[in-house]
Amino acid sequence: MHYVMIGNSYAALGAIEAIRQIDKTNPITVISDEPYPCYGRPLITFWLGGTVKTEHMFYRPDDFYTHNQVTALTGVRVEHVDCEARQVILEGGRRIAYDRLLIATGGKPFVPPIAGLTPEVKNVHTFTRWDDAKAMAELAKKHRKAIVIGGGLIGLKASEGLNDIGIDTTIVELGPRVLSLALDEYSGRVASKRLNDNGIKTVTGTTAKQILVNADNEVSGVILNDDRQLDCGILVMAIGVRPNVDVVKDTPIKVERGIVTDSRMRTSVADVYAAGDVAQNTNLLNGRQEVIAIVPVAYAQGRVAGRNMAGRSTEYKGEIPMNSVEIYGLPIMSMGYTSKLDDSQREETFADGDNYRKYVFADGRLVGALLMGNVDYGGVLTHFIRGKRHLSPMMLDWLRSGDTLALSAFVIAESSRPRPAAQTQPA
Amino acid sequence: MEPTRRASAAIPMEFMTTPEVCDGCGLCVVSCREALHLGPDQAPGIQIVTIGDRHIPIVCHNCEDAPCITACMPGCRHRDEASGRIVTDYERCVGCWMCVMMCPFGAIQRIPTAEGEHHGVALKCDSCLDKEIVPCIAACKPHGLKEVNPIDVSSLKRLQAAQRFAPGGDGKP
């Protein structure tokens, strides 16, 4: 029995740790095109900004791979998966046979076509890998100005890292506000102000229509849709990330938005599993198959995949979309719907300066929450949203008064055993 | 350096809270705050929620399938093999609050970034494994906080449930 993982981030690590709880002996090979042991991917911002040291970037102790008897092929790109021969084909043609395969290739930045933007233009980067942060640290030695196209989470985090090392940074966001998928007008204004107060400029409602270069083919600025021109020496493209499904192209493995997986994280091909940002599974809010690209989901899916790969039948129940981030001391947490989907849902908002709460209700249940400023005990709300729980009038009162902790007393009183509702259960 | 550990931490033990006997005096909260050197506006590893005349201690449950470990971006939270408790390397915590978002018990506190620090930390009860006497347990006069073997926790919980629903018990949870 040979376990092979393509990808070496949270999902793969979750699978390795699960397999080794069950199967201590059979070989595991993990393959990654990045030349590092598993590292905290979202931490690249802090590494760039100098607030997390290199030795604290690694997700597990130095001896993780040897201790778990894992062969790590790092800095090696997988070309293709040959499902028929049950082999993974590496760049250069080497083939590795698998008995159980996990595809955990994560996401891949999406760069839309823009006039003047060719692969040859220098000093243009995406921001999802440690090497991206390293390249930016290098560029920051020569350049003082950066433009970040895209005001989503990755754009914000790239801006924060650049700003923290003294780069004059401007975010350009097509939507009406930063984090436009999660925030509304009020919370968007608070977030923008926090960024601006800390030195990051924000330009919203427009995007770059042309990239400008100098005589050396280095990026020198952008022209916006409204014909304004902004100068820069560094350009970060942070429009979005899509599931990185390259290795399964031209295979029978079914792909929609991400790789389609069932409740045991199996793909449509026998003995091939997928987990993490590359995989789609059940969104518990709407029952649809969707990609929820966050660390907790990646690890949890990886763990379920690992258990099943090792022969212990285990179900993944799905998850609700959610995220958590802090920008310059302003924490923002969202779970479930962040605004009402239609008139069958109802919103309630509570604003007090930089503290903002929004709840979305449907049919007497909490179906979404946005917390800003005070995010304490947000997990209790996650639990209520995920469980589609009816709220009693008393619970509603606590929710409205912001006493989230009181709700947790109910969670405790109702759990017959001192365990939370596990994300996984034996099938 | 490996901190000294109390003898009981060598075998798997769990905290067990008994809401039925908690009188809400709050001494556990005070002792925890002192032990962890927290400020008056910082929430400690144990809190008490009072609903009507009932007091419910809120503390880490050291979950088997712990969402706070799964959610941790830097990987700073793990299960201590000897004791089975979930412990935290706060030096590596970056204050992303993913664990706060995932803990169904509200047992993890956001401690905002302190002066001179780069990141806030997500604080929870790490069982004071370095202390011979656990401050909150020592402070609990009605003995509602205990450290017991996980096997006993399960049977004690069942016994509690039985007593609650027995005639003369205090009714529904």
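Going along each chain's sequence as written, the residues are numbered from 1 onward. Each chain gets a letter, beginning with A, and each ligand a number, beginning with 1, in the order they are written. Where totals are concerned, whole chains, interfaces and linings use all residues; where local detail is concerned, this predicted model gives features only for residues with pLDDT of at least 70, and gives and counts side-chain atom pairs only at 80 or more. As a rule here, side-chain values come from all non-hydrogen atoms in the structure, and water together with hydrogens is ignored.

Some words on the interface of chain B and chain A
Note the cut-off: Contact between two residues is taken to exist if any of their heavy atoms lie within 4.5 Å; hydrogens are not considered. Accessible surface is computed with a 1.4 Å probe, and the buried area is the amount of it that two parts give up when combined, taken over both parts together. Salt bridges are defined as contacts in which a side-chain nitrogen from Lys or Arg sits within 4 Å of a carboxyl oxygen from Asp or Glu. Helix and strand labels come from DSSP, where a helix needs a run of H or I of at least four residues and a strand needs a run of E of at least two; each type is numbered from the N terminus. In this count, Pro and Cys sit with the nonpolar residues alongside Ala, Val, Leu, Ile, Met, Phe, Trp and Tyr, while Asp, Glu, Lys and Arg are called charged and the others, Gly among them, polar.
Across the boundary between the two partners, chain B contributes 44 residues, which contact 59 residues of chain A. The largest contributions to the chain B side of the interface with chain A come from Asp65(B), Thr70(B) and Met101(B), which together make up 17% of the buried area. Linking chain B with chain A are three salt bridges, by the criterion used here. With its nearest N and O atoms 3.8 Å apart, the salt bridge here joins Asp65(B) to Arg307(A). For the side of chain B that touches chain A, the secondary-structure elements that each account for two or more residues are strand 2 (46–51), strand 3 (54–59), helix 2 (67–71), helix 3 (98–102), strand 6 (109–111) and helix 5 (150–165) of chain B. Here the side of chain B that touches chain A is built from residues that sort into 26 nonpolar, eleven polar and seven charged.

Description of the packing of helix 1 (residues 10–22) of chain A against helix 7 (residues 295–309) of chain A
Residues and elements named next belong to chain A. Put simply, the test is: Angles here are taken between N-to-C directions and fall from 0 to 180 degrees, while the axes themselves are lines fitted to C-alpha atoms, restricted in helices to the stretch in contact. Each crossing gets its handedness from the near helix: less than a right angle anticlockwise from the far helix is left-handed, clockwise is right-handed.
It is at 6 Å that the axes of helix 1 and helix 7 come closest, and there the two elements cross at 35 degrees. Considering how the two elements wind past one another, helix 1 and helix 7 form a crossing that is right-handed. For the pair helix 1 and helix 7, contact is made by Tyr-10, Ala-11, Leu-13, Gly-14, Ala-15, Glu-17, Ala-18, Ile-19, Gln-21 and Ile-22 and by Val-295, Ala-298, Tyr-299, Gly-302, Arg-303, Gly-306, Arg-307 and Met-309, respectively. Class assignment for the residues of the contact of helix 1 with helix 7 results in eleven nonpolar, four polar and three charged.

Concerning the nonpolar core
All names here are of chain A. In plain terms, the rule: For our purposes a nonpolar core is just a set of buried Ala, Val, Leu, Ile, Met, Phe, Trp, Tyr and Cys residues, chained together by side-chain atoms within 4.5 Å. For the exposure calls, accessible area comes from a 1.4 Å probe over protein chains only, and a residue counts as buried if that area is under 20% of its type's maximum, exposed if over 50%, partly exposed in between.
Formed by 137 residues in total, the largest nonpolar core has its most connected members in Met-5, Leu-102, Leu-162, Ile-332, Met-335 and Leu-381. Among the elements that take part in this core, helix 7 stands out by supplying eight residues, more than any other. Beyond its immediate stretch of four places on either side in the chain, Leu-381 contacts Met-335, Tyr-359, Leu-366, Ala-369, Leu-371, Leu-399, Thr-404 and Leu-407. Core analysis: the second largest hydrophobic core is formed by 23 residues, Ile-6, Ile-31, Val-81 and Val-247 among them.

A short note on the side chain of Thr382(A)
Cut-off, in case you're wondering: Polar contacts, as counted here, are pairs of nitrogen or oxygen atoms within 3.5 Å of one another; within protein the pair requires one atom able to donate a hydrogen and one able to accept it, and residues that are adjacent in sequence qualify only if both atoms are side-chain atoms.
On the secondary structure map, Thr382(A) appears in helix 8 (residues 378–386). Note on Thr382(A): relative accessible area 0%, which makes it buried. Engagement of the side chain of Thr382(A) in a polar contact is seen with the backbone oxygen of Met101(B), the distance being 2.7 Å.

Points about the packing of helix 9 (residues 393–401) of chain A against helix 10 (residues 404–414) of chain A
Residues and elements named next belong to chain A. Two elements in contact, helix 9 and helix 10, have axes separated by 7 Å at closest approach and are oriented at 145 degrees. Here Met-395, Trp-398 and Leu-399 of helix 9 come into contact with helix 10, specifically with Ala-406, Leu-407 and Phe-410. Split by residue class, the contact of helix 9 with helix 10 holds six nonpolar, no polar and no charged.

Regarding the pattern of salt bridges
All names here are of chain A. For the coordinates displayed, the defined rule picks out 33 salt bridges over all chains. Close ionic contact of Asp-354 with Arg-194 constitutes a salt bridge, the shortest N to O distance being 2.8 Å. With Asp-354 in the loop between strand 25 (345–352) and strand 26 (355–362) and Arg-194 in helix 6 (residues 185–197), this pair connects stretches of sequence that are 160 residues apart. Residue classification places Asp-354 among the partly exposed positions, given a relative accessible area of 37%. Linking Asp-227 and Lys-209 is a salt bridge whose minimum nitrogen-to-oxygen distance equals 2.5 Å. Taken together, the residues Asp-227 in the loop between strand 14 (219–224) and strand 15 (229–231) and Lys-209 in strand 13 (residues 208–213) connect sequence positions 18 residues apart. Three or more residues are tied together by salt bridges with common partners; here these are Arg-86, Arg-100 and Asp-271.

Section: helix 4 (residues 130–139) of chain A
Within the sequence span of helix 4 of chain A, burial applies to Trp130(A), Asp132(A), Ala133(A), Ala135(A), Met136(A) and Leu139(A). For helix 4 of chain A, the elements touching its buried residues are helix 2 (44–49), strand 9 (124–125), helix 5 (153–164) and strand 16 (234–237) of chain A.

Details of the domain arrangement of chain A
All names here are of chain A. We count it as follows: Residue ranges assigned to each domain were obtained from an automatic or database domain assignment.
Under the domain assignment, chain A is made up of domain 1 (3–106 + 244–309), domain 2 (110–241) and domain 3 (333–415). If you average the C-alpha positions of domain 2 and of domain 3, the two centres end up 33 Å apart. Here domain 2 packs against domain 3, burying approximately 740 Å² in sum over the two surfaces, 59% of which is carbon and sulfur. Linking domain 2 with domain 3 are two salt bridges, by the criterion used here. Of the residues in the side of domain 2 that touches domain 3, the class split is six nonpolar, one polar and two charged.

Regarding the sheet that holds strand 4 (residues 78–82) of chain A
Residue and element names in this part refer to chain A. Quick reminder of the rule: When DSSP finds two or more bridges between a pair of strands, those strands are recorded as paired.
Read from one edge to the other, the open sheet built from three strands follows the order 4-5-6, with strand pairing classed as antiparallel. For this open sheet the edge positions go to strand 4 and strand 6 (95–97), each flanked by a neighbour on one side alone. Strand-to-strand twist in this sheet, taken as the mean axis angle between neighbours without regard to direction, amounts to 20 degrees. Relative to strand 6, strand 5 (residues 87–90) is paired through three bridges, and the arrangement is antiparallel. The partner of Val-88 across the bridge, within strand 6, is Ile-96.

Some remarks on the environment of Leu27(B)
In this structure, Leu27(B) sits in helix 1 (residues 27–35). The exposure class of Leu27(B) is partly exposed, given its relative accessible area of 40%.

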